[in-house]
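Descriptive structure summary
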Amino acid sequence: MALFKHFLNPFKSILRLFATAAKPKKSLCKDGGKPPPEKELKPKLKTFQIYRYLPHEGKTFKKSYTLDLNKTGIKVLDALIRIKREMDPTLAFRMSCREGICGSCGMNIDGKNTLACLAPISPKGTTKIYPLPHMYVIRDLVVDMKHFTKQHRRIMPWLIRKEDPGPDKQLLQSVKDRDKIDGRIECILCACCSTSCPEYWWHGHSKDEKDFLGPAALLNAYRWVIDSRDQAQQERLAMLKNYFNVFRCHTINNCTNCCPRQLNPAQAISNLRLLLTNLQNKKKPDLPGAVLIEPEKACNVETDDECKT
Ligand code: SF4
Ligand code: SF4
Ligand code: FES
């Protein structure tokens, strides 16, 4: 008999399973499954005072907008987007990535140059937003970046080789040489550093030969000078070797203090000066320059153990 009971047990449990599946389930919510009503949050009002410039009317003024922070994202750019969408479509500002990558939303927020998409909204007081200082304003928070980009072009921000390696060759760089350009290649050209530099305010918009290039262009110039694959170090340094382009910097460090990518343009300028005065020299690259790529000998990291190391 005991053996027969044991044999029946699995059938019983299967029947129990069917029975529970057929039963209508009781809702765990008291009101029959309706979602609970949203709690009415106490409004957290915050005022943003924004610099406005309407070129067609020739008017410059400051305008205040008040938002409920409960309905706004946490960054200043979120607030600007809400103001533009819901309160004032005439407000102009630049933005693209919303993640501190494109460098287009640089502006002065509560006295500091930074990216609006990375700047958190301070819950206290009124937040004051201005365009990047000492730049020509096109409209509201949009500044003219033509001169800034021209300065960037002047430092020749591309790799220069004496001879063309050709499409079948690749340029090698050791890990140690690659490490040297770390912290220099991450610049997104937001112009926050240059426009916070007093020397750039005074001498950053002069004619070419007397133009102080500013921390952003000089950080990038240094990046190309020290790149082990570049062969135009002398030409690059010769272009910078004058009183104005580099030596105007007084190491005030405003640039480094405000860089939203935590880069150190002031240190790059100091290193550039050491190279310009021959107190430091560029070392020879660890690896030979151009090497032939032989497809049959190409590394396969999936299968080749040597390539994995
Ligand atoms: S160094 Fe920093 S602040 Fe200057 S342009 Fe590059 S990312 Fe912007
Ligand atoms: S360290 Fe040089 S480049 Fe940087 S803010 Fe000061 S003067 Fe300008
Ligand atoms: S929107 Fe791209 S950096 Fe701010």
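Residues numbered from 1 in each chain as written. Chains lettered and ligands numbered in written order. Predicted model: local features only at pLDDT ≥ 70, side-chain atom pairs only at ≥ 80, totals over all residues. Heavy atoms only, no water.

In the nomenclature of an unreviewed UniProt entry, the protein chain corresponds to Succinate dehydrogenase [ubiquinone] iron-sulfur subunit, mitochondrial from the organism Brassicogethes aeneus. You can read under Sequence similarities (unreviewed entry) in the UniProt record for the protein chain the words "Belongs to the succinate dehydrogenase/fumarate reductase iron-sulfur protein family." The record held by UniProt for the protein chain lists under Function (unreviewed entry) the comment "Iron-sulfur protein (IP) subunit of succinate dehydrogenase (SDH) that is involved in complex II of the mitochondrial electron transport chain and is responsible for transferring electrons from succinate to ubiquinone (coenzyme Q)." (UniProt positions renumbered as here; feature names shortened; annotations may be inferred.)

Attention now goes to the nonpolar core. Judged by nonpolar contacts, the single largest core of 62 residues is most densely connected at Ile50, Leu80, Ile129 and Leu272. Going through the elements one at a time, β1 (45-54), β2 (59-68), α2 (76-87), β3 (106-109), α6 (214-225), α7 (233-240), α8 (254-258) and α9 (265-276) are the ones with two or more residues in this core. Two domains share this core, each providing at least three of its residues, namely domain 1 (45-143) and domain 2 (147-276). When sequence neighbours within four positions are dropped, the list of residues in contact with Leu272 reads Leu218, Ala221, Tyr222, Val225, Leu237, Leu240 and Val246. (Core = buried A, V, L, I, M, F, W, Y, C linked by side-chain atoms within 4.5 Å. Buried < 20%, exposed > 50% of the residue type's maximum accessible area, 1.4 Å probe, protein only. Helix = DSSP H or I, 4+ residues; strand = E, 2+ residues; numbered from the N terminus. Domains from an automatic or database assignment. Contact = heavy atoms within 4.5 Å.)

The next subject is the packing of aromatic side chains. Inspection of every chain in the model, using the stated rule, returns 2 aromatic pairs. Judged by centre distance (5.2 Å) and plane angle (80 degrees), the ring pair of Tyr243 and Phe244 falls under edge-to-face. Accessibility expressed as a relative area gives 48% for Tyr243, which makes it partly exposed. Here the guanidinium or amino end of Lys46 rests over the ring plane of Phe48, the centre of that ring lying 5.9 Å away. Above the face of the Trp224 ring, Arg223 is positioned so that its terminal group lies 3.7 Å from the ring centre. (Phe/Tyr/Trp six-rings, centres within 6.5 Å; stacked < 30°, edge-to-face > 60°. Lys NZ or Arg CZ within 6 Å of the ring centre and 35° of its normal.)

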